[in-house]
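# Fold and geometry: a report
Next come the chains, spelled out residue by residue.
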Amino acid sequence: VLYVIGADDAIYRYDGGSGQLAPAWRAASLDRASAAGVYAAGRHGGLTLLRWDGTMATVGCGSGHGSVSASGACVSGSADGISVQLPREEIPRLVLPADWGGMSPVWSSDGDRLLLVRTIAARPGPGDDPGLAALWVRERDGRTRELYRPPSRGVLQTPRWSPDGRFALVRQSTTTSNSAAADGFGSSLLLIEVATSQVVDLGIVLSAPQWGPDGQLAYVSGGGRMTWENKTLIVRGADGRERIARAPTGEARVALAPAWDSARGRLAWISGPALSDSGNGDGYVDGAGAGRRVAVIDDGVKASEVRCGGGRVAEGVRWSSDGDALLLLCRKPGRDPFPLELWLYRLGDGTSASLVTGLVGGPPEAAGFGFYGAQPSLFSIVAWSRAAH
């Protein structure tokens, strides 16, 4: 079963048994997936569990933007403050008032601690001053502690825990220009050790990094919104040592969209020819030049390539939880405004099959689906029952 976000912000459900694709829910983003289903966070707050069997359930978490931990603990942030609801509690309770300035709360994997961004000084108005925010942790006993504050001015966004709770990731931005931020100017990804508040600046990282086994972190380093230049995949070990992940070819390549195999520790990513000063990507839309992209699987000993079927090119990859299959985000070459499809690749026999090649209610001339702006991530637009733990 797949839940897929379309360009219209609606969520669609694909049933692999019947091949049926149907609208499932209204505008929302996908939060954590579980064995039961995926949590959908409403654009204006609220959480809904979209079960794999197609049924739904409202999750009691307050009216704000929230999320649910693996243990079933719920947190919600709104204009009224930060509220939590533990599995055995019947209603949410306020833990941080509105004047504390908390936002973007996120649970640790064990559901015992919260990362929060706290507004210290709001943006004063038009101009170059972005304001000031800090990263805080709410401990198991309810105490709050500041982990990091920018040295001068800057906002912090999208905090994330490492799976073991040892580190936090947060984006720092010192620009008020969305265009500049899209290219990475004034932007950096910070890795913060929660116990000591030690900070490591990982530089410009525009896409979502991915935590792997044994405390490893895979992230794509490099600024610029063009995905065919200046993109290097870095794998950082728990000991802080880093290596560059390379495709099995001698030509210059970019590396994008890392994904870890939780069953065997393998790393997959999207690889394409690297170009510089190429303007339109030298044949990107035609699947040639910069658009000649494949998935790469690295098991620590050797790297091999996986391709989309039907003459498509690969733009995203994701593992099943047992490591036996890959979900591929594939793109049809050409100028179709809806060029994206979802394919299943079976590692055992090397066969592939198309799953989602269009969305209900889309333009009749469009076989696939698409998004305006940045190429979407398989981790943000798709929930896959075979990837859930």
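The preceding data block contains the structure.
Below you will find a few notes about this structure. The structure displayed is predicted, hence computed values, not measured ones.

### Some details on the packing of aromatic side chains
All chains considered together, the criterion is met by four aromatic pairs. Plain terms: the ring middles of phenylalanine 167 and tryptophan 211 are 6.5 Å apart, the flat faces sit at 20° to each other, and that makes the pair stacked. Here the residue phenylalanine 167 occupies a position in strand E17 (residues 167-173), and tryptophan 211 occupies one in strand E20 (residues 210-211), the gap between them amounting to 44 residues. With respect to burial, phenylalanine 167 and tryptophan 211 carry one shared label: buried. Aromatic pair tryptophan 228 and tyrosine 284: ring centres 5.3 Å apart, planes at 40°, arrangement tilted. Taken as a pair, tryptophan 228 in the loop between strand E21 (217-221) and strand E22 (232-236) and tyrosine 284 in the loop between strand E25 (267-273) and strand E26 (294-298) lie far apart in primary sequence, 56 residues in all. Comparing tryptophan 228 with tyrosine 284 shows no difference in burial state: the two are buried. In this structure, arginine 331 packs its charged tip against the face of tyrosine 284, placed 4.0 Å from the ring centre.

### Brief notes about the nonpolar core
One finds Leu2, Ile11, Leu327, Leu342, Val356, Phe369 and Val382 to be the most contacted residues of the largest nonpolar core, which totals 32 residues. Per-element accounting of this core gives the leading share, four residues, to strand E1 (residues 2-5). Those residues within four positions of leucine 342 in sequence are excluded, and the remaining contacts are Leu2, Val4, Leu327, Leu328, Leu329, Ser354, Leu355, Val356, Phe369, Leu378 and Val382. Residues Ile270, Ala314, Leu328 and Tyr345 belong to the second largest nonpolar core, which totals 16 residues.

### Notes on the sheet that holds strand E13 (residues 114-121)
Reading across the sheet, the four strands line up as E12-E13-E14-E15 and stay open at both edges, with antiparallel pairing between neighbours. With one partner strand each, in any of the chains shown, strand E12 (102-107) and strand E15 (144-148) form the two edges of the open sheet. When strand polarity is set aside, the average angle formed by the axes of neighbouring strands in this sheet is 30°. Pairing of E12 with E13, which is carried by four bridges, proceeds in the antiparallel orientation.

### A look at the layout of surface pockets
Computed from the structure, the second largest pocket encloses a volume of approximately 220 Å³. Taken together, 17 residues make up the lining of the second largest pocket; nearest its centre are Arg166, Phe167, Leu191, Arg236 and Ala238. Examining the composition of the lining of the second largest pocket, we find that three residues originate from one element, strand E18 (residues 187-193), more than from any other. Class assignment for the residues of the lining of the second largest pocket results in seven nonpolar, five polar and five charged.

### Focus: the environment of valine 296
Inspection of the secondary structure assignment puts valine 296 in strand E26. Taking the C-alpha atoms as reference, valine 296 lies 8.2 Å from leucine 267; in sequence the two are 29 residues apart.

### Some points on the sheet that holds strand E19 (residues 199-201)
A sheet is described by the order of its strands in space; here four strands give the open sequence E16-E17-E18-E19, paired in antiparallel fashion. Taken across any chain shown, the strands that pair with only one partner, and hence form the sheet edges, are strand E16 (155-161) and E19. For this sheet the average axis-to-axis angle between neighbouring strands, irrespective of direction, equals 25°. Bridge analysis of E16 against E17 gives five bridges, and the strand direction is antiparallel. The residue bridging tryptophan 161 from the neighbouring strand is alanine 168, located in E17.

The rules we used
- Residues numbered from 1 in each chain as written.
- Predicted model: local features only at pLDDT ≥ 70, side-chain atom pairs only at ≥ 80, totals over all residues.
- Heavy atoms only, no water.
- Phe/Tyr/Trp six-rings, centres within 6.5 Å; stacked < 30°, edge-to-face > 60°.
- Helix = DSSP H or I, 4+ residues; strand = E, 2+ residues; numbered from the N terminus.
- Buried < 20%, exposed > 50% of the residue type's maximum accessible area, 1.4 Å probe, protein only.
- Lys NZ or Arg CZ within 6 Å of the ring centre and 35° of its normal.
- Core = buried A, V, L, I, M, F, W, Y, C linked by side-chain atoms within 4.5 Å.
- Contact = heavy atoms within 4.5 Å.
- Pairing = 2+ DSSP bridges.
- Axes fitted to C-alpha atoms, helices over the stretch in contact; angles between N-to-C directions.
- 1 Å grid on protein atoms, 1.4 Å probe; cavity = no way out; pocket = protein on both sides within 12 Å on 5 of 7 lines; lining within 4 Å.
- Points joined across faces, edges and corners; volume = space filled by probe spheres on them.
- Nonpolar A, V, L, I, M, F, W, Y, C, P; charged D, E, K, R; others polar.

From the geometry alone we can't say anything about function, so treat these as descriptive.
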